[in-house]
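Residue strings, one per chain:
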Amino acid sequence: MTSAASGARPGRVAVVGAGMVGLSTAWFLREHGVEVTVYDREGVAAGASWGNAGWLTPGLVAPLPEPAVLRYGLRAVLSPASPVYVPPSASPRLLRFLAGFALHSTAARWRRAMAALVPVNRMALESFDLLAAGGVAAPTVEAKSFVAAYRTARERAALLEELAQLRAAGQDVDHDVLDGEAAREAEPALSPEIGAAVRLHGQRYIDPGAFAHALAASVRARGGGIRAGAAVTGVHHRSGGVAVELSDGTSARFDAVVLAGGVWLGELGARFGIRRVVQAGRGYSFSVPVEREPAGPVYFPAQRVACTPLGDRLRVAGMMEFRRPGAPLDGRRIKAVTEAARPLLRGVDLDARRDEWVGSRPCTADGLPLIGVTRSPRVFAAGGHGMWGVTLGPVTGRLLAERVATGREPAELAPFDPLR
């Protein structure tokens, strides 16, 4: 078997994690003719790839640490109703993450991080198109309308400033500035409380769970393997390759491994030089019936609530809760999202909730993902995308698969060095 360490093409690669990032990496590795097996401790889309808003919005992808976060203040983030919540019993690990997060929540650092994201944002939708052309049988839906809505024009100023910063960084987003009446004309699901909005063009959305399962089916159809219920407990060098150890006591040997296990990335990656904390930023969602299906996603940035039409129901998602990934769903967070959305929507029965869900988004303190080779030439990382793992999953898999299969480092990956 050829050796990844010698710079030759790896013949067999393991991917740890069957979310959007891991499955996309596996799919594009198959494009390069690499034999691939995906392992997941639960199953396809069992983590953050199932219940999120499902937006394909490169026009909104930006670093999570931003100056506005600092304005919440300590009292706000300790409130269970706050859209950004930190439990009072934060662990030393979480406090370390939050200190780094605050350090990066400055305008200058945000601009630098944004400049790093622009090149991959430009490739994001094209990467979904490559999956579709290659047989992934799940649609990406063009948003006829994508409205970010506010109570006042003063609230809206923050988004307009962010869009100006995106344009300055090279990522121009086509948009209209609307008053409340025009916003309701564009999207009748908005209530009279809405007095200002921004309508974005050129964005898409998906049903993320259905898409991930279609992507997994395509990986299998192309000869890849997926093992559900297989928790990877360790990765170790062996002569001429790496051994992937599983929780059932067995192991398998490969030429290389990609760590794409979301919030568990750091546990396996620490021994290979990954020192950045990958923190669970837990998001909540549920679905509700609607009188009339919205024309596209609706976003309430001030409340950090995202709404996506999925058939005859509306998925409502929100919250950034910094807690351990295995903590149970907290009903207070569901209530907080519900009450934040209630006065802003009409024709939506927020009390007929189904599919209540919590999932852990893997966040880094600087707001940039970890993508690339680690201290070992046989071990690669792909994670830490925060809120943008669905939007950036395929482009991440596309670029990393090129790096793994060919040894060539795409220039777009340089800012995301896992060892930074």
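Draft legend 1. View of the environment of glycine 407. Here glycine 407 shows up in the segment after helix 11 (389-406). You can call glycine 407 partly exposed: its relative accessible area is 43%.

Draft legend 2. Empty space enclosed by the protein, seen in detail. Here the structure, examined in full by the defined rule, presents three cavities of 30 Å³ or more. Its boundaries defined by the atoms lining it, the largest cavity holds a volume of some 70 Å³. Along its surface, the largest cavity is lined by Ala62, Pro63, Leu64, Cys363, Thr364, Gly367, Leu368, Gly384, His385, Gly386, Met387 and Trp388. Tallied by class, residues from the lining of the largest cavity come to seven nonpolar, five polar and no charged.

Draft legend 3. Main features of the pairing of strand 11 (residues 232-238). Where strand 11 lies against strand 12 (residues 241-246), six bridges are found, and the strand directions are antiparallel. Paired with valine 235 across the bridge in strand 12 is valine 244.

Draft legend 4. Quick look at the packing of aromatic side chains. A full pass over the atoms with the stated rule returns nine aromatic pairs. Ring centres 6.1 Å apart and planes at 85 degrees place the aromatic pair tyrosine 39 and phenylalanine 254 in the edge-to-face group. Of this pair, tyrosine 39 sits in strand 2 (residues 35-40) while phenylalanine 254 is found in strand 13 (residues 251-254), placing the two residues 215 residues apart along the sequence. For the pair shown, tyrosine 39 and phenylalanine 254 are each scored as buried. Seen from their ring centres, tryptophan 55 and phenylalanine 146 are 4.8 Å apart, and the 75 degrees between their planes marks the pair as edge-to-face. Placement of the pair is tryptophan 55 in strand 3 (residues 55-56) and phenylalanine 146 in strand 6 (residues 146-150), with a sequence separation of 91 residues. The buried category is assigned to tryptophan 55, whose relative accessible area is 9%. Exposure remark for phenylalanine 146: the relative accessible area of 0% places this residue in the buried category. By the ring-pair criterion, three or more aromatic residues cluster together here, those being Trp55, Phe146 and Tyr299. Arginine 315 extends its terminal NZ or CZ atom over the ring of tryptophan 50, reaching a point 4.9 Å from the ring centre. Here the guanidinium or amino end of arginine 333 rests over the ring plane of tyrosine 85, the centre of that ring lying 4.1 Å away.

Draft legend 5. Inspection of the layout of surface pockets at higher detail. Looking at the second largest pocket, its volume works out to about 390 Å³. Surrounding the second largest pocket, 23 residues form its lining, Ser91, Arg93, Gln279, Arg324 and Pro325 being those nearest its centre. When contributions to the lining of the second largest pocket are tallied by element, the ones reaching two or more residues are helix 4 (92-103), helix 9 (265-269) and strand 15 (279-289). The dominant element in the lining of the second largest pocket, judged by the number of residues it contributes, is helix 4, at three residues.

Draft legend 6. View of unusual backbone geometry. Located in the positive-phi region is methionine 319, a residue other than glycine, with phi close to 85 degrees. Among the secondary structure elements, methionine 319 is positioned in strand 18 (residues 313-322).

Draft legend 7. Geometry of the sheet that holds strand 12. The three strands are arranged 11-12-13 in an open sheet whose pairing can be described as antiparallel. Of all strands in the sheet, those with a lone pairing partner are strand 11 and strand 13, marking the two edges. The mean angle between the axes of side-by-side strands here comes to 25 degrees, regardless of whether they run parallel or antiparallel.

Draft legend 8. Quick peek at the environment of leucine 400. By the secondary structure assignment, leucine 400 is in helix 11. For leucine 400, a relative accessible area of 0% translates into the label buried. Taking the C-alpha atoms as reference, leucine 400 lies 8.2 Å from proline 410; in sequence the two are 10 residues apart. Setting aside anything within four residues of it in sequence, one finds leucine 400 in contact with Thr25, Val258, Ile371, Gly372, Phe380, Ala381, Ala382 and Leu413.

Draft legend 9. The arrangement of the sheet that holds strand 9 (residues 204-205) in detail. Read from one edge of the open sheet, three strands run 3-9-5, paired in antiparallel fashion. With one partner strand each, in any of the chains shown, strand 3 and strand 5 (141-142) form the two edges of the open sheet. Judged from the two bridges that link them, strand 3 and strand 9 form a sheet pairing that is antiparallel. Within the sheet, the bridge partner assigned to leucine 56 lies in strand 9 and is arginine 204.

Draft legend 10. Spatial organisation of the pairing of strand 8 (residues 196-200). The buried count for strand 8 comes to four of five residues, which makes it a mostly enclosed element. Here five bridges tie strand 6 to strand 8, and the two strands are oriented antiparallel to one another. Along strand 8, the bridge assignment pairs tyrosine 150 with alanine 196. Of the strand pairs in this sheet, strand 7 (residues 175-179) and strand 8 are connected by five bridges, and their pairing is antiparallel. Bridge pairing in strand 8 places histidine 175 opposite leucine 200.

Thresholds, definitions, all that
Residues numbered from 1 in each chain as written. Predicted model: local features only at pLDDT ≥ 70, side-chain atom pairs only at ≥ 80, totals over all residues. Heavy atoms only, no water. Helix = DSSP H or I, 4+ residues; strand = E, 2+ residues; numbered from the N terminus. Buried < 20%, exposed > 50% of the residue type's maximum accessible area, 1.4 Å probe, protein only. 1 Å grid on protein atoms, 1.4 Å probe; cavity = no way out; pocket = protein on both sides within 12 Å on 5 of 7 lines; lining within 4 Å. Points joined across faces, edges and corners; volume = space filled by probe spheres on them. Nonpolar A, V, L, I, M, F, W, Y, C, P; charged D, E, K, R; others polar. Pairing = 2+ DSSP bridges. Phe/Tyr/Trp six-rings, centres within 6.5 Å; stacked < 30°, edge-to-face > 60°. Lys NZ or Arg CZ within 6 Å of the ring centre and 35° of its normal. Axes fitted to C-alpha atoms, helices over the stretch in contact; angles between N-to-C directions. Contact = heavy atoms within 4.5 Å.

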